Structure formats: C-alpha cells, structure tokens
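# Residue-level structural notes
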Amino acid sequence: MMKYILALDQGTTSSRAIVFDQDGSIVSAAQKEFRQIFPQSGLVEHDAQEIWSNQLGVAQEAITRAGLRATDIAAIGITNQRETVVIWERKSGRPIHNAIVWQDRRTALLCDQLRAQGLEALFVQKTGLLIDAYFSGTKARWLLDHVPGAREQAERGELALGTIDSWLVYNLTGGECHITDASNASRTLLFNIHTGEWDDELLRILEIPRSLLPEVRPSSEVYGETSPGLLGARIPIAGMAGDQQAATFGQACVEKGMAKNTYGTGCFMLLNTGGQAVPSQHKLLTTVAWTIRGRTDYALEGSIFVAGAVMQWLRDGLGIIRDSAEVEALAASVPDNGGVYLVPAFVGLGAPHWDSYARGSIHGLSRGSTRAHIARAALESVAYQTADVLQAMQQDAATPVRELRVDGGASRNDLLMQFQADVLGVPVVRPQVTETTALGAAYLAGLAVGYWESEQQIARQWREERRFEPRMGEDEREALLSQWRRAVQRSTAWERPDDQGATTQ
Ligand SMILES: Nc1ncnc2c1ncn2[C@@H]1O[C@H](COP(=O)(O)OP(=O)(O)O)[C@@H](O)[C@H]1O
Ligand SMILES: O=P(O)(O)OC[C@H](O)CO
C-alpha cells in the first residue's frame, strides 16, 4: 500500500503540516497562524502551548484532507523556527514563561557585557556564532534569572529547556523524548560544532545547568513514536532540523558550493561547505547543516531578521496594502524607487552588521514620494540585504556562488526575484515546490525509514520552475547599492541600551 511522509513546519508566524508522496510532491497541506506577542519595543514572545495545540491541529487536518489515516504515514519529520527558547516543567509539561523568540532583543545588554569581557573569540571558535541576542543561550539565561524560582527548580533538575523542535517532540511523544538535533543545537551558543557536544565552559559562562539540556541526536534517525491518542496511531518521528537547514536540504543543496536563500519572515542564505566548518572573516555564521549517518555537513549562513515581515508591516503598520502579495502590483506601479530607501531594522540588524540597536528608517522622501515608492523601497530592501550577505559570502567562500536557489513565501514575488537577480548579478532560481523547508524535513525523515534511498535520489527530484537572469548594468547596480549602504549607515546605533527591555538583572 502507498505510504506518505508528514512534515511539521513550525515557523515564526504560522504552523504548517504537509503530506508528501514519494516524488516529493505535496498531497495535502494545512496551515494556521498564531499570536505574536510584543510586550515592548524589541521584545517578541510566543505562547508555547498555543504553538503545540496549533501544530497538532494542522497535523490532524493535513492527514484528514489527504483522505489518509495515521497508518498511511511512514514517518514524521519536524522542522522549526530556530533559536526560540522554551523552558518547561518536566513533571507537568507546563512552560514556565512564554517562549522567547529569535527576534527578541532583551539580552542585548548582556551580550554587550560578554563581548566587553573579551569572550567573543571563544564563542566564535567553539560555536561558529557571534555573541548576539538572536541566539538561544542568553535568552535561556534570562528566563532562569527572571522567572521566580526558576533557577532553584533548574538546580533540582525539575526543568527542561529546548528549542521548538525539542518542545514539539516532547509533546508528540507524551514526554518520553527530550532531544534536539545537531542543526538546532548549533544555534544555541552552548554547542561545540567541532566536537558535536554541549560545551561545559560555555554553559558555565552563561550559567546554564547542563541538566536542563536535551540530548543531541542526528538529523535523520528514528527518535521515537507519537503517542497513540494524538494522530490515531503510533507514527515514527524520524527527522529533525532547523528550518533553514531543512530548506537547504529540501532545495537539494547537498553538494559543497550550493546556496539557497529563504524569503520568509526573515531571510536566510545558507552555503553548503561540505564536511568543513569554514570560519567567517565577514561576520557570517558557521553552522551545522545536518548530521546524517555519522557525517556532519556544515554551512555558512547570513541571517537577515526582517524580510517578508516588512510586507506585513506595510499591511498592518501602514495599511497601504491589504495582503502581502499586493506589494508587487503597488511597487510595479512606479518605474523605480524615486530615491526612497527603507531600512527595515525593526529588531536591529543581523548579518553582516549585527547591530542590536539599529532601528527602521526611511530615507530620501520628497514631495513627489508616494505610497508606491515606499512599497517599492520595502520590496527592494529585501534584495539589498541579501546582496550585502552574498557579498560577504563570496568573500568567505573560496569559490563564487554561481546561482541562488530561492524559496519561502516572498519568493513568489516575481518583481522581487528579478530585482534580486539584478542587484546580485547572479541568477536566481525558483523550484516547483517552494515549500522546501517542509520538504527537507520530510526527506530527512524518509531517509531514516528507507522511504528514500539516498541524497542523490533526493537531488534528482529537484525541479526548476523559473530562472531569473540578471539584466541590470553594473553602474546602475553599484549606484543603488551605494545609496542603500548610506541609508543603512544612518539606521545603525539608533536605540540606546537603556531604551529597551535589555537587561542583565
Ligand atoms: N507575494 C509576496 N510578496 C512579498 N512578500 C510576500 C508575498 N507573499 C508572502 N510574503 C511574505 O512572506 C512571509 C511568509 O512566508 P513564509 O515562508 O510563510 O514565512 P515564515 O515561515 O517565516 O512564517 C510573510 O512575511 C509575507 O509578508
Ligand atoms: O520561521 P522563519 O521561516 O522565519 O525562520 C526563522 C529562523 O529559523 C530564525 O533563525
């Protein structure tokens, strides 16, 4: 009988579940948004219980929509927004606080202090990351320091800590598995990417008891089974990876030198560097891509915090579009940006700037500027940020990036993709299945249970939908990028440490 793979994709703004068949085609999908909690400027939280019930709901819905039963599912793969941290009570399964989301900047000051103590080189060398509020480690420390009684409970071994993958597996298995995979672990600031283990020295510096941490497992193997009451039968959980690593796998960037960029809430470019953890000289991250059959592959990553989210801001903050897709027509209604540049540093700037205190700004407004110019500037900002990251990547990697595979919600925008190819001077290639994050998680799970045989078989399933060739002249590209860089310069170091919830107390 025909079997299928179910992928659970827990993203920053919505939870998705997608059923895939053997060709890697989508059989059914379900998706649900959930609440974004913004307690104050720079702070972002999620309700972990809501994430769990929402994710379970869409999993049930996707199976039903496909007309399947749980017994038709050969395995489940999990992929997730990374770095976001939950701490919960082992006994009750109750979170002790809202999850602190990757975009949250509350530990910026603590990060400043760690850097001032000269610790950055140690963290870079061991974890491949920079000291930044983006990563899980300082967020976990904040929870232990601020939730009443948490540190004492942690010392008594009563608490569990995890990124969203851990939280989902814990709940899916009825509390049996407290695990994470190496790709998610590599985003915490607590994991040594060279030894593949939690690092005691870093745990000591960040004052995080080891007893809190999940066991680190490969990205593709059978970890356990779902509790029978949840989906109607026990289903093996067999794949797990952070969403950007999963998208890299789903894009079949399985060979050294292949790169993808995912345009979701943020934008994340990953370049496969094979079995070698390449250190960055240009403030990119060195990260675990995946661990499969005892082999770890690494990637260089450029993380951009706000990409598709800038369209949501045009919709919800400015009210100049009704949904994100409308930005394309509005931006196309003017021939160019009319000199307007928008820097969407709403939660600071990620790679290659790493400025927690930058904030959003619009430059170059004149009497002739219209909402269409602002929409165009917003759209272009995604492409410029990506160009900054690609430039850093080309400098770090020995070989030039020949083409960029793209995916994620905003990659559906043809104007953006053409402009992206233009400002990069590199072809941008969109696959037929743009749900590559979920597909990557499905592939990882399917490989573990023999549903697919090998990475080579998976790579053969990748199909191009459209290729955007660069058409812009060198002079125009340079002029646009140079104005953009001036605008970025003026957005940096805007907020002061005391203005936000940044605290070490
Ligand atoms: N046609 C479009 N043009 C530009 N942005 C878009 C378009 N469609 C969706 N988006 C943006 O893509 C994002 C959603 O993409 P998705 O891959 O689902 O993100 P995530 O996994 O981060 O939740 C939203 O921020 C939305 O504004
Ligand atoms: O949920 P996404 O797609 O915005 O991805 C979030 C990233 O994993 C954050 O590092």
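Our subject is the structure that appears above.
The present account deals with the structure reproduced in this document.

Thresholds, definitions, all that
- Residues numbered from 1 in each chain as written.
- Chains lettered and ligands numbered in written order.
- Predicted model: local features only at pLDDT ≥ 70, side-chain atom pairs only at ≥ 80, totals over all residues.
- Heavy atoms only, no water.
- Near = heavy atom within 4 Å.
- Polar contact = N/O pair within 3.5 Å; in protein donor to acceptor, adjacent residues only side chain to side chain.
- Areas by Shrake-Rupley, 256 points an atom, 1.4 Å probe, with all protein chains shown as cover.
- 1 Å grid on protein atoms, 1.4 Å probe; cavity = no way out; pocket = protein on both sides within 12 Å on 5 of 7 lines; lining within 4 Å.
- Sits in = over half its atoms within 2 Å of the grid points.
- Helix = DSSP H or I, 4+ residues; strand = E, 2+ residues; numbered from the N terminus.
- Nonpolar A, V, L, I, M, F, W, Y, C, P; charged D, E, K, R; others polar.
- Salt bridge = Lys/Arg side-chain N within 4 Å of Asp/Glu carboxyl O.
- Buried < 20%, exposed > 50% of the residue type's maximum accessible area, 1.4 Å probe, protein only.
- Phe/Tyr/Trp six-rings, centres within 6.5 Å; stacked < 30°, edge-to-face > 60°.
- Lys NZ or Arg CZ within 6 Å of the ring centre and 35° of its normal.
- Pairing = 2+ DSSP bridges.
- Axes fitted to C-alpha atoms, helices over the stretch in contact; angles between N-to-C directions.
- Contact = heavy atoms within 4.5 Å.

Among the 16 residues in the neighbourhood of ligand 1, the closest are listed as Thr13, Arg16, Thr265, Gly308 and Ser324. Separating an oxygen atom of ligand 1 from a backbone N or O atom of Ala309 is a distance of 3.3 Å. Residue Ser324 places a side-chain N or O atom 2.7 Å away from an oxygen atom belonging to ligand 1. Alone, ligand 1 offers 580 Å² of accessible surface; in the complex the protein occludes 87% of this. More than half of the atoms of ligand 1 fall within 2 Å of the grid points belonging to the largest pocket. With four residues, helix 11 (residues 308-318) is the single largest residue contributor to the shell around ligand 1. A per-class count over the shell around ligand 1 returns five nonpolar, nine polar and two charged.

Quick look at the pattern of salt bridges now. Going through the model one piece at a time under the given rule, you end up with 40 salt bridges. The closest approach of N and O atoms between Asp104 and Arg106, which form a salt bridge, is 2.8 Å. Arg106 shares its class with Asp104; the two are buried. Here the salt bridges do not stand alone but share partners, grouping Arg82, Glu83, Arg187, Asp243 and Glu301 into one network.

Below, the discussion takes up the packing of aromatic side chains. The full count for this structure, using the stated rule, is 18 aromatic pairs. Look at Tyr384 and Phe419: their rings are 5.6 Å apart centre to centre, the planes differ by 80 degrees, and that puts the pair in the edge-to-face class. One end of the pair, Tyr384, is in helix 13 (residues 371-396); the other, Phe419, is in helix 14 (residues 414-424), with 35 residues separating them in the sequence. What links up through ring pairs into an aromatic cluster is the set Trp102, Tyr134, Phe135, Phe268, Phe305 and Trp354. Sitting above the plane of the Trp142 ring, Arg106 keeps its charged end 4.4 Å from the centroid. The positively charged end of Arg405 is found above the aromatic ring belonging to Trp462, 3.6 Å away from the centroid.

Moving on: the sheet that holds strand 23 (residues 464-468). Across the sheet, which stays open at both edges, the seven strands sit in the order 17-18-16-15-21-22-23 with mixed pairing between neighbours. Here the strands that pair on one side only, and so sit at the sheet edges, are strand 17 (285-292) and strand 23. Between one strand axis and the next, the sheet turns through 30 degrees on average, direction left out of account. Two strands pair when backbone bridges link them, and strand 16 (residues 267-272) and strand 18 (residues 295-304) are joined in this way by six bridges, in the antiparallel orientation. Note that in strand 18 the partner of Leu270 across the bridge is Glu301. Here helix 13 sits on the sheet in contact with strand 15 (259-263), strand 16, strand 18 and strand 21 (404-407), set at roughly 135 degrees to strand 18.

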